[in-house]
Amino acid sequence: MSYEFLLVDDSSITRKVLRRTLRMSGLEVSGVHEAANGIEALDVLSQRRIDVVVTDLNMPAMDGVQLVETMVSLGRLAETAVVVVSSDRNIARLDHLRALGAFRCLAKPFRPEELCDSVTEALRARTGGAA
Amino acid sequence: MSRQSLAPRDLGLAVAEVLEGAAFLCADTVDGRQVSHGDIAAEISFSGPRCGTLRIATSPVFAAVIASNVLGEDSDDPDEKATGTEALHEILNMIVGDWVARAFGSDSVYTLGLPVEIGPRDPLPGELSVSLMADDGSVVSVCAHIDDP
């Protein structure tokens, strides 16, 4: 099975790093889409099936917390796993995201294996162990 | 939290760990380095129980090295300066997240701003300031300004 990813970060450099990490992860990647903020991410999500959203929190226009909250209100977390990769280390904010359904929250700078493990576990949890 | 309790060591550790973790660059703190007028610089705000800004400055050449290391590829970018500036912004974003947690605790709710490009300038009296030198002799300076309560 192959998977569609959406990388949400206002830094194009970070999106490149995330894309490269996924490419080297060994996962079957059928598509990697990019968005620079939550509004762009919702636009992509409205147009195609996405298996995993990897999102930053601190972004212009619509931040990552607002993105996840909107995805919850639209019922998108049932079909799309969310992994947060952010500089934000505030415990209350990260607990809020986990309570909303974000699978894992990683701190930047992240190690490639941390992201790969988190994405793999998120897919496994979403598909009941098939990832 | 009082201003006196903010340790330069925490800021230096945050910078060193981000440079190593994100760009595979080892750097140690050095004393007395002034910001060069040829440096590129960026600033990010933070707000919460304490408010202020964090500034970073380094040479365009070292910013390009950071970008190259973060991306894991040799630089053949025709717009190397822009890529270096963006890498510096992302590094600053990581440093402020790390440092705010170290300085004020992860339990305190802080909102981080977005990095913006600024002109380089030396630290003002009372600002927390550290400079770190990488193995190749390049220097990164980071300065924290805490607003008065």
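The structure contained in this document is the topic of the report that follows. (Residues numbered from 1 in each chain as written. Chains lettered and ligands numbered in written order. Predicted model: local features only at pLDDT ≥ 70, side-chain atom pairs only at ≥ 80, totals over all residues. Heavy atoms only, no water.)

**Some remarks on the overall build of chain B**
How we decide: Secondary structure elements are taken from DSSP: a helix is a run of H or I of four residues or more, a strand is a run of E of two residues or more, and numbering for both begins at the N terminus. C-alpha atoms define the radius of gyration, and 2.2 Å times the number of residues to the power 0.38 defines the globule rule. Accessible area is worked out with a 1.4 Å probe on protein chains only. A residue is then buried under 20% of its type maximum, exposed over 50%, and partly exposed in between. Only heavy atoms enter the contact rule, under which two residues are in contact if any of them lie within 4.5 Å. Here the open area of atoms and residues is found with the Shrake-Rupley method and a 1.4 Å probe, where only the protein chains shown may cover a residue. Think of it this way: Lys and Arg go in the positive column, Asp and Glu in the negative one, and His and the chain ends go nowhere. A single reference atom marks each charge: NZ on Lys, CZ on Arg, CG on Asp, CD on Glu.
When helices and strands are counted, chain B shows 3 helices and 7 strands. Reading the helices (α) and strands (β) of chain B from amino to carboxyl end gives α-β-β-β-α-α-β-β-β-β. Whereas a compact globule of 149 residues would reach a radius of gyration of roughly 15 Å, chain B reaches 15 Å, a difference of no more than 12%. Dimensions of chain B, computed from C-alpha atoms along their principal axes, come out at roughly 45 × 30 × 25 Å. The buried share of chain B, taken over its 149 residues, is 49%. Relative to all contacts within chain B whose residues are 6 or more apart in sequence, the contacts with residues 24 or more apart total 72%. Looking at chain B as shown, the accessible area adds up to about 6800 Å², and 52% of this sits on carbon and sulfur atoms. A gap of 11 Å separates the mean positions of the 8 positive and 24 negative side-chain charges of chain B.

**Structural notes on the pattern of salt bridges**
Cut-off, in case you're wondering: By definition, a salt bridge exists where a carboxyl oxygen of Asp or Glu is found within 4 Å of a side-chain nitrogen of Lys or Arg.
A full pass over the atoms with the stated rule returns 16 salt bridges over all chains. For Arg104(A), the salt bridge identified is with Glu121(A), shortest N-O distance 2.8 Å. Here Arg104(A), found in strand β5 (residues 104–107), pairs with Glu121(A), found in helix α5 (residues 112–127); they are 17 residues apart in sequence, far enough to count as distant. On the basis of relative accessible area, Arg104(A) is assigned to the partly exposed category, the value being 30%. The closest approach of N and O atoms between Glu127(B) and Arg55(B), which form a salt bridge, is 3.1 Å. Of this pair, Glu127(B) sits in the loop between β5 (116–118) and β6 (128–134) while Arg55(B) sits in strand β3 (residues 52–58), and the two are 72 residues apart along the sequence. Arg55(B) carries the same exposure label as Glu127(B), and that label is buried.

**Regarding helix α1 (residues 12–23) of chain A**
Threshold: One fewer than the residue count of a helix, multiplied by 1.5 Å, yields its expected span.
With 12 residues, α1(A) ought to run about 16 Å at 1.5 Å a step, and its terminal C-alpha atoms sit 16 Å apart, in line with that. Within α1(A) the residues assigned to the buried category are Ile13(A), Thr14(A), Arg15(A), Val17(A), Leu18(A), Thr21(A) and Leu22(A).

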